[in-house]
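Listed below are the residues making up each chain.
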Amino acid sequence: MAYATLLSGDPYATYRQIDVVGRTAEAQGPGLVQLLYEELVSALRAAAWAVENNQLRTKSERITRATAILFALESGLDFERGGEVSNTLARLYAGIRRTVVDASVGIDPRPFRAAADSLSEIAEAWRTARAA
């Protein structure tokens, strides 16, 4: 039970981790991408909240999570089949990652919210495409 023991200090974090692991295990292809977007937007919004509430540990955790998800999304791009769409998404991910890293040393929540808002639009497009 080392897995649960590591997370037992924060019940909410434990629940979120188990929830994400469970949903990720079942998701594939577009479903996994949609899940990553949802988690990324959530992490960015939580980082903004943490900045506003001077919760430095939470801010750091959420920024780390957002950055890792951005890398995961970028590494999943298929430049051969995706063409210009993949190139555009790679530039978007790199730009948002740069924004997040730059904002991580400051005390302004707006860059995190702006990034989350931009990504929410893409997440909604994924949701719509999957529903069709």
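A brief look at the structure comes next. Computed from a predicted model, the values in this text were never measured in an experiment.

### So, unusual backbone geometry
Part 1: Unlike most non-glycine residues, Asn54 shows phi in positive territory, near 50°.
Part 2: Judged by relative accessible area, which is 60%, Asn54 ranks as exposed.

### Quick notes on the nonpolar core
The tendency in soluble globular proteins is for nonpolar side chains to be buried side by side.
Part 1: Formed by 25 residues in total, the largest nonpolar core has its most connected members in Tyr37, Leu40, Leu44, Tyr93, Phe112 and Leu119.
Part 2: For this core, the elements supplying multiple residues, two or more each, are helix H3 (29-52), helix H4 (56-75), helix H5 (79-103) and helix H6 (110-131).
Part 3: Take this core: its biggest share by element is 8 residues, from H3.
Part 4: Not counting the four nearest positions on each side in its chain, Tyr93 is found in contact with Tyr37, Leu70, Leu73, Glu74 and Leu77.

The rules behind the values
- Residues numbered from 1 in each chain as written.
- Predicted model: local features only at pLDDT ≥ 70, side-chain atom pairs only at ≥ 80, totals over all residues.
- Heavy atoms only, no water.
- Buried < 20%, exposed > 50% of the residue type's maximum accessible area, 1.4 Å probe, protein only.
- Core = buried A, V, L, I, M, F, W, Y, C linked by side-chain atoms within 4.5 Å.
- Helix = DSSP H or I, 4+ residues; strand = E, 2+ residues; numbered from the N terminus.
- Contact = heavy atoms within 4.5 Å.

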